[in-house]
Amino acid sequence: MIVSTLDAFIVGVYITGMLFIGIYVSRNIKSFIDFALAGRLLSTPLLAGTLISTYYGLDVTFGSSETAYLEGVSTFFVYSLPFYLCYLGVAFYIVPRLFKLKVNSIPETIAHFYGSAARIPAILATIFYSLPIISVAGIGLLGHFFFGLDPIVAACLGAGIAAFYTLFGGLLADVLTDSVQFFIMCVTLSLAALIAMIEIGSPEQLQRLMAPEVFKPMG
């Protein structure tokens, strides 16, 4: 499937906007705190936008959609809800303790409790855990499906664009681009849900057409 000229233009505008944000933000970076912690000035809406956008990446968006299609609403109760409960626990019980330590990163936190020798393993573990391998692979597949590019080439291009604006603008550039992506995601998914309801029917109609197990919380 090859996209139309209009589709390609929209994608081009989007990529150009992401790169512009990275370059624009880089002009205000004066210190490591500015680069790595956005100057400690993130607002709640920006923080929420980047966290949600990061969590609901290609892997979660497509993976959860497929699982919900196959297993019904149990996808939320079995797969998603436990994550949300864990996040609430972290927010209320762990984060306040981290604020008291006055640390800037996970390796610093590990070093505080286990000594400076533990810093290097913590850094390596954080890097490997944070690598967005599945999302990059997803970009490769999308690039191949929509633009006819080799999946590896498309994955490298997508990862390179994200790395470019992040390396230039640091955390703030990443947060701002994530927030834009969060807005786009909300709009497009809402439109997709609306189109699906027009084509397929309301949730009540779906309940009459599909097996009862699909709508049971535990499947």
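Above this note sits the structure.
The rules behind each value
Residues numbered from 1 in each chain as written. Predicted model: local features only at pLDDT ≥ 70, side-chain atom pairs only at ≥ 80, totals over all residues. Heavy atoms only, no water. Helix = DSSP H or I, 4+ residues; strand = E, 2+ residues; numbered from the N terminus. Buried < 20%, exposed > 50% of the residue type's maximum accessible area, 1.4 Å probe, protein only. Contact = heavy atoms within 4.5 Å. Areas by Shrake-Rupley, 256 points an atom, 1.4 Å probe, with all protein chains shown as cover. Lys, Arg positive; Asp, Glu negative; His and termini not counted. Charge placed at Lys NZ, Arg CZ, Asp CG, Glu CD. Expected span 1.5 Å × (residues − 1). Axes fitted to C-alpha atoms, helices over the stretch in contact; angles between N-to-C directions. Parallel < 35°, antiparallel > 145°, perpendicular 65-115°, else oblique. Phe/Tyr/Trp six-rings, centres within 6.5 Å; stacked < 30°, edge-to-face > 60°.

Undergrad: Looking at this model, I keep getting lost on the overall build of the protein. Mind explaining?
TA: On a plain count of helices and strands, the protein comes out with 10 helices and 0 strands. Traced from its N-terminal end to its C-terminal end, the protein shows the element sequence α-α-α-α-α-α-α-α-α-α. For the C-alpha atoms alone, the extent of the protein along its principal axes is close to 60 × 45 × 30 Å. Split into buried and exposed, the 219 residues of the protein put 18% on the buried side. Considering only contacts in the protein between residues 6 or more positions apart, those separated by 24 or more positions represent 67%. When the accessible surface of the protein is totalled, it reaches about 15,300 Å², and 75% of it is carbon and sulfur. Of the charged side chains in the protein, 9 are positive and 12 negative, and the gap between their average positions amounts to 20 Å.

Undergrad: Would you take a moment to explain helix 5 (residues 74-101) for this structure?
TA: Three- or four-residue spacings in an α-helix give side chains the same orientation, since the helix completes a turn every 3.6 residues. With 28 residues, helix 5 should reach 40 Å at 1.5 Å per residue; the first-to-last C-alpha distance of 39 Å fits that figure. When we look at burial in helix 5, the residues that qualify are Ser74, Thr75 and Ser80. Against the buried residues of helix 5 lie helix 4 (58-71). After helix 5 finishes, the residue Lys102 shows a positive phi value of roughly 60°.

Undergrad: I keep staring at the packing of helix 4 against helix 5 and nothing clicks. Help me out?
TA: A pair of packed helices can be characterised by two numbers: the angle between their axes and the separation between those axes. At their nearest, the axes of helix 4 and helix 5 sit 9 Å apart, and the two run at 135° to each other. Here helix 5 runs oblique to helix 4, going by the angle between their axes. Every residue of helix 5 that contacts helix 4 at Ser64, Thr67, Ala68 and Glu71 is listed here: Ser74, Thr75 and Tyr79.

Undergrad: I'm lost on the packing of aromatic side chains in this one. Help?
TA: We describe a pair of aromatic rings using the distance from one ring centre to the other and the angle between the two ring planes. All chains considered together, the criterion is met by 10 aromatic pairs. Ring plane angle 90° and centroid distance 5.0 Å describe the contact between Phe145 and Phe146, whose orientation is recorded as edge-to-face. Given the relative accessible area of 43%, Phe145 is considered partly exposed. A relative accessible area of 29% means that Phe146 is categorised as partly exposed. Through pairs of rings, three or more aromatic residues link up here, namely Tyr55, Tyr56, Phe76, Phe77, Phe83, Tyr84 and Tyr87.

The values are spatial; any link to function lies outside them.
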